[in-house]
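For reference, the chains in residue letters:
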Amino acid sequence: MKEATVKVQGMSCRSCVPKIEGAIQAIGAEGHVNFEQGTINVRFDESKVQISDIEEAIRQKDMTPPHKVLTV
């Protein structure tokens with residue numbers, strides 16, 4: 001399993017947390033949002049899920065991931 005921390009812009013309230021976590025889970029990854037830091041820690045199997053898939057799942061919830069993942 002690979003782990004990464006992704007910065008997320010556009011989280012305006014805590015109701016965004018389950019939306020983002022659910023979107024990450026729907027693509028086969030695990031995600032935990034830290035609302036205060038504006039990040040999501042994700043764990044995923046690189047043979048099934050890519051960082052670009054995670055970024056797209058975030059975008060589909062009207063949030064903006066950065067162009068660069070913070071840590072991998």
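Note: the structure precedes this text.
Computed from a prediction, not measured in an experiment: that's the story for all the values here. All chains use their own residue numbering, which begins from 1 and follows the written sequence. Where local features are concerned, this predicted model is filtered to residues with pLDDT of at least 70; where side-chain atom pairs are given and counted, the filter is 80 or more; whole-chain, interface and lining totals use all residues. To get the side-chain values, take all heavy atoms of the structure and skip hydrogens and water.

(A) The arrangement of the side chain of T5 in detail. Each helix is a run of DSSP H or I of at least 4 residues and each strand a run of E of at least 2, with the numbering of both proceeding from the N terminus. Tracing the sequence through the fold places T5 in strand 1 (residues 2–7). Side-chain atoms alone can form a polar contact between residues adjacent in sequence; in general such a contact is a pair of N or O atoms within 3.5 Å, and within protein one must be able to donate a hydrogen while the other accepts it. Of the polar contacts made by the side chain of T5, one reaches the side chain of N41; its length is 2.9 Å.

(B) Broad picture of the pairing of strand 3 (residues 39–44). Two elements, strand 1 and strand 3, share six bridges in a ladder whose sense is antiparallel. In the sheet register, V6 faces strand 3, and the bridge partner there is I40. Paired strands, as defined in this entry, are two strands with at least two bridges between them according to DSSP. Two strands pair when backbone bridges link them, and strand 2 (residues 30–34) and strand 3 are joined in this way by five bridges, in the antiparallel orientation. Across the sheet, G31 pairs through a bridge with V42, a residue of strand 3. If you look at the hairpin formed by strand 2 and strand 3, you'll find four residues sitting between the two strands, and G38 has a positive phi there, around 70°.

(C) Quick peek at the nonpolar core. Counting residues in hydrophobic clusters, the biggest one holds 20 residues, and the most contacted among them are I20, I24, I40, V42, F44, I54 and I58. Sorting the residues of this core by element identifies strand 1, helix 1 (16–26), strand 3 and helix 2 (51–59) as the ones contributing at least two each. The greatest single-element share of this core, amounting to five residues, is contributed by helix 1. What we call a nonpolar core is a set of buried Ala, Val, Leu, Ile, Met, Phe, Trp, Tyr and Cys residues that are connected through their side-chain atoms within 4.5 Å. Partly exposed residues are those whose accessible area sits between 20% and 50% of the maximum for their type, while under 20% is buried and over 50% is exposed, using a 1.4 Å probe and protein chains only.

(D) Highlighting the pattern of salt bridges. By salt bridge we mean one thing: a side-chain nitrogen of Lys or Arg within 4 Å of a carboxyl oxygen of Asp or Glu. Counting across every chain of the model gives four salt bridges. A salt bridge links R43 to E3, with the shortest nitrogen-to-oxygen separation between them at 3.8 Å. In this pair, R43 is assigned in strand 3 and E3 in strand 1, connecting sequence segments 40 residues apart. Residue R43 is classed as partly exposed on the basis of its relative accessible area of 34%.

Limitation: the analysis is restricted to geometry and does not speak to function.
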